[in-house]
Amino acid sequence: MRIGMGYDVHKLVDGRALVIGGVDIPFEKGLLGHSDADVLTHAVMDALLGAAGLDDIGKHFPDTDERYRGISSMKLLEHVGALLKENGFLIGNIDATVIAQRPKMRPYIDQMRQNIASALGIDTGAVNVKATTEEGLGFTGEGLGIAAQAVCLLM
């Protein structure tokens, strides 16, 4: 068994869609990034790649590569799932937390779980997503960005 941990953060800006866990969330701002800037999915991918000893998303999907400009992070997650299978790993579970003052994530969490599980070809019960605020503290609490953390167990 191997454990992995992932973390990602992106700045909130005008003129971008807010995509978290593959869900388009109605909000006045979106996350800045080379891809769709899906912080949750990026944290999950880094946790999975780290547990497998396969480096990180920066190595596999560099922001200098135009093939990944604006790409759905769900497509990247599918690729990570294929890499895990190629290397003989099975996903035991994923546990993740989205850190955002606004918008509220609760209405979208079930869909996020389903999207992540579907992209990886695993049961939705193996994916847990939570959300929290930072009570107005720090960059996420001030509404300047959104962060996500994830841990996973591979077998």
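What counts, and where the lines are drawn
- Residues numbered from 1 in each chain as written.
- Predicted model: local features only at pLDDT ≥ 70, side-chain atom pairs only at ≥ 80, totals over all residues.
- Heavy atoms only, no water.
- Patch = residues over 30% accessible without salt bridge, like charges linked within 9 Å, V, L, I, M, F, W, Y side chains within 5 Å.
- Areas by Shrake-Rupley, 256 points an atom, 1.4 Å probe, with all protein chains shown as cover.
- Salt bridge = Lys/Arg side-chain N within 4 Å of Asp/Glu carboxyl O.
- Helix = DSSP H or I, 4+ residues; strand = E, 2+ residues; numbered from the N terminus.
- Buried < 20%, exposed > 50% of the residue type's maximum accessible area, 1.4 Å probe, protein only.
- Axes fitted to C-alpha atoms, helices over the stretch in contact; angles between N-to-C directions.
- Parallel < 35°, antiparallel > 145°, perpendicular 65-115°, else oblique.
- Left-handed = near helix turned anticlockwise from the far one by under 90°.
- Contact = heavy atoms within 4.5 Å.
- Nonpolar A, V, L, I, M, F, W, Y, C, P; charged D, E, K, R; others polar.

### Quick notes on a nonpolar patch on the surface
- On the surface, Met-5, Tyr-7, Val-9, Phe-139, Leu-144 and Val-151 cluster together to form a nonpolar patch covering roughly 520 Å² of accessible area.
- When residues of the nonpolar patch are assigned to their parent elements, the largest contribution, three residues, is made by strand β1 (residues 2-13).
- Residue class for Phe-139 comes out partly exposed when judged on its relative accessible area of 36%.

### A closer look at the packing of helix α3 (residues 73-86) against helix α4 (residues 109-120)
- The geometry of α3 relative to α4 is characterised by a closest axis approach of 8 Å and an angle of 45 degrees between their N-to-C directions. Considering their axes alone, α3 and α4 lie oblique with respect to each other. Relative to α4, α3 is oriented so that their crossing is right-handed. Across from Met-74, Leu-77, Glu-78, Gly-81 and Lys-85 in α3, the residues of α4 making contact are Asn-115, Ile-116, Ala-119 and Leu-120.
- When its residues are assigned to classes, the contact of α3 with α4 shows five nonpolar, two polar and two charged.

### So, the packing of helix α1 (residues 39-52) against α3
- Remark: α1 packs on α3, axes separated minimally by 10 Å, with the N-to-C direction vectors making an angle of 15 degrees. What the angle tells us is that α1 and α3 run roughly parallel. As α1 runs across α3, the sense of the crossing is left-handed. Judged by residue contacts, Thr-41, His-42, Val-44, Met-45, Leu-48, Leu-49 and Ala-52 of α1 engage Ser-73, Met-74, Leu-76, Leu-77, Val-80, Leu-83 and Leu-84 from α3.
- Considered class by class, the residues forming the contact of α1 with α3 number eleven nonpolar, three polar and no charged.

### Quick look at the pattern of salt bridges
- Across all of its chains, the model carries six salt bridges by this definition.
- Note that Asp-55 is salt-bridged to Lys-59, the shortest N-O span being 2.9 Å.
- With relative accessibility at 55%, the residue Lys-59 sits in the exposed group.
- Lys-130 is paired through a salt bridge with Asp-95; the nearest N and O atoms lie 2.7 Å apart.

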